[in-house]
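Chain and residue survey
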Amino acid sequence: MPSPATAPPPPASLKRIVAASLIGTTIEWYDFFLYGSAAALVFNKLFFPDSDPLVGTLLSFLTYAVGFAARPLGALVFGHYGDRLGRKKLLVLSLLLMGGATFAIGLLPTHATIGTAAPVLLTVLRLVQGFALGGEWGGAVLLVSEHGDARRRGFWASWPQTGAPAGQLLATGVLSLLTAVLSDAAFGSWGWRIPFLLSGVLVIVGLWIRLSVDESPVFKQALARAEARKADRSADAEKLPLVAVLRHHWRDVLVAMGARMAENISYYVITAFILVYATTSAGVSKQTALNAVLIASAVHFAAIPAWGALSDRIGRRPVYLMGAVGVGLWMFPFFSLIDTGGFGNLILAVTVGLVLHGAMYAPQAAFFSEMFATRMRYSGASIGAQFASVAAGAPAPLIATALLSDYGSSTPIALYVIGAAVLTVVAVAAAKETRHRDLADVAPPADTDRTTAPAADARIP
């Protein structure tokens, strides 16, 4: 029988928690991906007009990458306080920061108005976005993971992950609609601001829903144990979450970082860089490329819970490995299909790529949550996920664009993604299966009688 802390909540309560996490992550990813799409389509002209078009795109993607650089700092700060104060409070703060920065970008003067101050302000706001997102992901997936039970944790925890394609779908859909109804001149003049300003409305909705959910029961129980240890002067003092993670879970952090390489790099090549490659090398219009990403994102959204449910049946590692191997094998067909310039082939290329990506992304939430002890779980999962993003997702569009500029071919870009897939296969193959673990029983050494064993040894196998 499950313990009171791990017993599944009533279905209606769990669905409300899942909905709150999903809507919040959708808004956060909408804000983040909106910037990526705008960087590929208009920011090069609005904020770097004096540069060669491709160089302007590279500079635009550089400001895009800056957001990733801030994500590890967000992971450290939000992880620390999320493990100390709770998941819910930090999730509310991350939503406010992200939404505020995105809304401000919509009001930002361009280079034509204030000169070099424009890209500087753009970069600062991008840093705020990255900082907020660095703390958002860990809290959202943990809130769901810690409310559910082990039997269907992969399925339920995959729903916050669908916030990524949902945010991509929403951002791409709004941009696609605007580029369809506005002329290029109108879109470049003022139309690009509308999706950023819409973020203000979305944040209000997200806050209303997110404030209505309860804190994780698993965290409450762990907090009560920590308070009891504080009252007991003979007990060892509780270590800071970051110190505890680096001492007891450093191998898990490395596994999480390796697991993120193919997942992160492939996603931004498939969804962000494609807007550059398809329009410059394959002669596809912006509207056509956006529509292909839009359709594929809808399929991606549906595929993620299915992959999450499969991870409950056969394990996190097998599903993750299928995705990593699949993405690596798909890269050459991916670019070959885009090179044809046909809309149907473009949809097929992006859709298959995102479905294979979903096999990695879906079990990731449960997989990373199950690696770490409760009072260091926010820090551990966030650090592993977000530090990898600096080396993976951050430079991916930049590297892909530079390779295209230097070689004029998609072959080096495909090899780049394949190399990332190999790293992920090695990392996941070295990990232990986690799907049967009870999160309340994953405790650090201070909570067990094994004072000399690492935290990994104290887990339920």
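The structure presented is a predicted model; accordingly, all values stated were derived computationally and were not measured.

A few words on the overall build of the protein chain. Each helix and strand in the protein chain was counted, giving 19 helices and 0 strands. Relative to its 461 residues, the protein chain shows a buried fraction of 59%. The contacts in the protein chain between residues at least 6 apart in sequence include a share of 85% that link residues at least 24 apart. When the accessible area of the protein chain is evaluated, it comes to approximately 16,800 Å², of which 68% is carbon and sulfur surface.

Within the structure shown, the criterion is met by 2 cavities of 30 Å³ or more. Each pocket or cavity is described by its volume, and for the largest cavity that value is around 60 Å³. Around the largest cavity sit Trp29, Phe33, Ala164, Arg260, Glu263, Asn264, Tyr267, Tyr268, His357 and Tyr361, which together line it. Looking at the lining of the largest cavity, the elements with two or more residues in it are α1 (11–41), α13 (250–280) and α16 (343–369). No other element matches α13, which puts 5 residues into the lining of the largest cavity. Grouping the constituent residues of the lining of the largest cavity by class yields 6 nonpolar, 2 polar and 2 charged. The calculated volume of the second largest cavity comes to roughly 30 Å³. Lining the second largest cavity we find Phe33, Gly36, Ser37, Tyr64, Gln168, Thr271 and Ala272.

A separate point is the nonpolar core. Ranked by internal contacts, the top residues of the largest apolar core, which has 132 residues, are Phe43, Phe334 and Phe368. Sorting elements by how many residues they give to this core places α13 first, with 18 residues. Once you skip the residues sitting within four places of it in the chain, Phe368 turns out to touch Trp137, Ala256, Ala259, Arg260, Tyr320, Ala381 and Ala385.

Let us now look at the pattern of salt bridges. One pass over the full model with this rule turns up 4 salt bridges. Here Glu370 and Arg153 are joined by a salt bridge, their closest N and O atoms 2.8 Å apart. One end of the pair, Glu370, is in the loop between α16 and α17 (374–391); the other, Arg153, is in helix α7 (residues 153–161), and 217 residues separate them in sequence. The network of salt bridges with common partners includes Arg153, Asp312, Arg316 and Glu370.

This next bit is on a nonpolar patch on the surface. On the surface, Trp190, Ile194 and Leu198 cluster together into a nonpolar patch covering about 270 Å² of accessible area. Within the fold, Trp190 resides in helix α9 (residues 184–191).

Further remarks concern the packing of α13 against helix α19 (residues 411–430). At a minimum axis separation of 7 Å, α13 and α19 run at an interaxial angle of 155 degrees. Put simply, α13 runs roughly antiparallel to α19. Of the two possible hands of crossing, α13 and α19 adopt the one that is left-handed. Between α13, through Val255, Gly258, Ala259, Met261, Ala262, Ile265, Ser266, Val269 and Phe273, and α19, the contact on the second element is made entirely by Ile413, Tyr416, Val417, Ala420, Ala421, Leu423, Thr424, Ala427 and Val428.

Attention now moves to the packing of α13 against helix α15 (residues 316–339). Across the interface, α13 lies against α15 with an axial gap of 10 Å and an inter-helix angle of 15 degrees. Considered as vectors, α13 and α15 are oriented roughly parallel to each other. For the pair α13 and α15, the crossing hand works out as left-handed. Of α15, the residues touching α13 (which contributes Ala259, Arg260, Glu263, Ser266, Val269, Ile270, Phe273, Ile274, Tyr277 and Ala278) are Tyr320, Val327, Met331, Phe334, Phe335, Ile338 and Asp339. In terms of residue class, the contact of α13 with α15 is built from 13 nonpolar, 1 polar and 3 charged.

It is worth spelling out helix α14 (residues 286–314) at this point. Side chains three or four residues apart in an α-helix point the same way, a direct result of the helix having 3.6 residues per turn. Counted at 1.5 Å a residue, the expected span for α14 with its 29 residues is 42 Å, and the 41 Å between its end C-alpha atoms agrees. Immediately downstream of α14, the backbone of Gly315 shows phi near 115 degrees, a positive value.

By secondary structure assignment, the location of Ala431 is in the segment after α19. Separated by 114 residues in the primary sequence, Ala431 and Arg317 place their C-alpha atoms 7.8 Å from one another. Apart from the residues within four sequence positions on either side, Ala431 is in contact with Val255, Arg317 and Phe367.

Take the packing of aromatic side chains next. In this description, a pair of aromatic rings is defined by centroid distance and the angle of the planes. Following the criterion strictly, the structure yields 16 aromatic pairs and no others. Note on Phe155 and Trp159: the rings are 6.1 Å apart at their centroids and 90 degrees apart in plane angle, and the pair reads as edge-to-face. Highlighted residues: Phe155 and Trp159, both in helix α7, separated by 4 residues, approximately one helical turn. Pairwise contacts between aromatic rings join Tyr35, Phe43, Phe47, Trp192 and Phe196 into one cluster.

On to the side chain of Arg71. Looking at the element boundaries, Arg71 is found in helix α3 (residues 53–85). Buried and unpaired, Arg71 has no salt bridge, with Glu263 as the nearest side chain of opposite charge at 7.5 Å. Residue contacts for Arg71: discarding those within four places in its chain leaves Trp29, Phe32, Gly130, Phe131, Leu133, Gly134, Arg260, Tyr268, Gln386 and Ser389.

Attention now moves to α13. The end-to-end C-alpha distance of α13 is 43 Å, a good match for the 45 Å that 31 residues give at a rise of 1.5 Å each. Along α13, the sharpest kink reaches roughly 55 degrees, centred on Phe273. Among the 31 residues in α13, 25 count as buried, and that is most of the element.

Checked against the element boundaries, Phe61 lands in helix α3. In this structure, the C-alpha to C-alpha distance between Phe61 and Ala38, residues 23 residues apart in sequence, is 9.7 Å.

Chain-level statistics for the protein chain give a pLDDT mean of 82 and a share of 87% at 70 or above. Looking across the protein chain, the model is least confident in helix α11 (residues 217–231), with a mean pLDDT of 67, and most confident in α15, with 97. Taken as a whole, residues 1–6 scores under 50 in pLDDT and shows 8 contacts with residues more than four places along the chain or in a different chain. Within the model, pLDDT remains below 50 along residues 444–461, and this stretch shows 28 contacts once partners closer than five positions in the same chain are excluded.

Cut-offs and rules
Residues numbered from 1 in each chain as written. Predicted model: local features only at pLDDT ≥ 70, side-chain atom pairs only at ≥ 80, totals over all residues. Heavy atoms only, no water. Helix = DSSP H or I, 4+ residues; strand = E, 2+ residues; numbered from the N terminus. Buried < 20%, exposed > 50% of the residue type's maximum accessible area, 1.4 Å probe, protein only. Contact = heavy atoms within 4.5 Å. Areas by Shrake-Rupley, 256 points an atom, 1.4 Å probe, with all protein chains shown as cover. 1 Å grid on protein atoms, 1.4 Å probe; cavity = no way out; pocket = protein on both sides within 12 Å on 5 of 7 lines; lining within 4 Å. Points joined across faces, edges and corners; volume = space filled by probe spheres on them. Nonpolar A, V, L, I, M, F, W, Y, C, P; charged D, E, K, R; others polar. Core = buried A, V, L, I, M, F, W, Y, C linked by side-chain atoms within 4.5 Å. Salt bridge = Lys/Arg side-chain N within 4 Å of Asp/Glu carboxyl O. Patch = residues over 30% accessible without salt bridge, like charges linked within 9 Å, V, L, I, M, F, W, Y side chains within 5 Å. Axes fitted to C-alpha atoms, helices over the stretch in contact; angles between N-to-C directions. Parallel < 35°, antiparallel > 145°, perpendicular 65-115°, else oblique. Left-handed = near helix turned anticlockwise from the far one by under 90°. Expected span 1.5 Å × (residues − 1). Phe/Tyr/Trp six-rings, centres within 6.5 Å; stacked < 30°, edge-to-face > 60°. Lys, Arg positive; Asp, Glu negative; His and termini not counted. Bend = angle between axes of the 7 residues up to and from the residue. pLDDT = per-residue confidence, 0-100.

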